[in-house]
Amino acid sequence: MSDKLSPLMTLVKEEFPLANDGECKCLLLALTDFAMYLSILRHCAGPKEPDIPRLLRAVEAAAAACEKELSKG
């Protein structure tokens, strides 16, 4: 692993203590992708700062509702 990524991996391991090394690498990759997507969202919002936490809560609620519907069969 690159020396530049070591501090990030340490942070991931602190935040996700139950994850093994392979899972931590996947989490770091996912977080890197997420950071890129956040950058795109902010760019598309223009001068307004988007309410990312509110958007994430709405997406999580919608996903949970879909899961519940699917589990009904």
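These numbers were taken from a predicted model, which means no experiment stands behind them.

Trainee: I keep staring at a nonpolar patch on the surface and nothing clicks. Help me out?
Mentor: Taken together, the side chains of Phe 16, Leu 31, Phe 34 and Leu 56 present a nonpolar region at the surface, about 330 Å² in accessible area. Topologically, Leu 56 is positioned in helix H3 (residues 52-71).

Trainee: Looking at this model, I keep getting lost on the environment of Phe 34. Mind explaining?
Mentor: For Phe 34, the location among the structural elements is in helix H2 (residues 21-44). Residue Phe 34 is classed as partly exposed on the basis of its relative accessible area, which comes to 35%.

Trainee: Sorry if this is basic, but what is going on with the pattern of salt bridges here?
Mentor: When charged atoms on two side chains of opposite charge get close, those side chains can pair. Taken as a whole and judged by the stated rule, the model has four salt bridges. In this structure, Arg 54 engages Asp 51 in a salt bridge whose closest nitrogen and oxygen atoms are separated by 3.6 Å.

Trainee: Explanation requested: H3 in the structure shown.
Mentor: Since the α-helix advances by 3.6 residues per turn, residues separated by three or four positions end up pointing in the same direction. For H3, with 20 residues, the first-to-last C-alpha span of 28 Å sits near the 28 Å given by 1.5 Å per residue. A positive backbone phi angle near 95° is found at Gly 73, which sits one or two residues after H3.

What counts and what doesn't
- Residues numbered from 1 in each chain as written.
- Predicted model: local features only at pLDDT ≥ 70, side-chain atom pairs only at ≥ 80, totals over all residues.
- Heavy atoms only, no water.
- Patch = residues over 30% accessible without salt bridge, like charges linked within 9 Å, V, L, I, M, F, W, Y side chains within 5 Å.
- Areas by Shrake-Rupley, 256 points an atom, 1.4 Å probe, with all protein chains shown as cover.
- Salt bridge = Lys/Arg side-chain N within 4 Å of Asp/Glu carboxyl O.
- Helix = DSSP H or I, 4+ residues; strand = E, 2+ residues; numbered from the N terminus.
- Buried < 20%, exposed > 50% of the residue type's maximum accessible area, 1.4 Å probe, protein only.
- Expected span 1.5 Å × (residues − 1).

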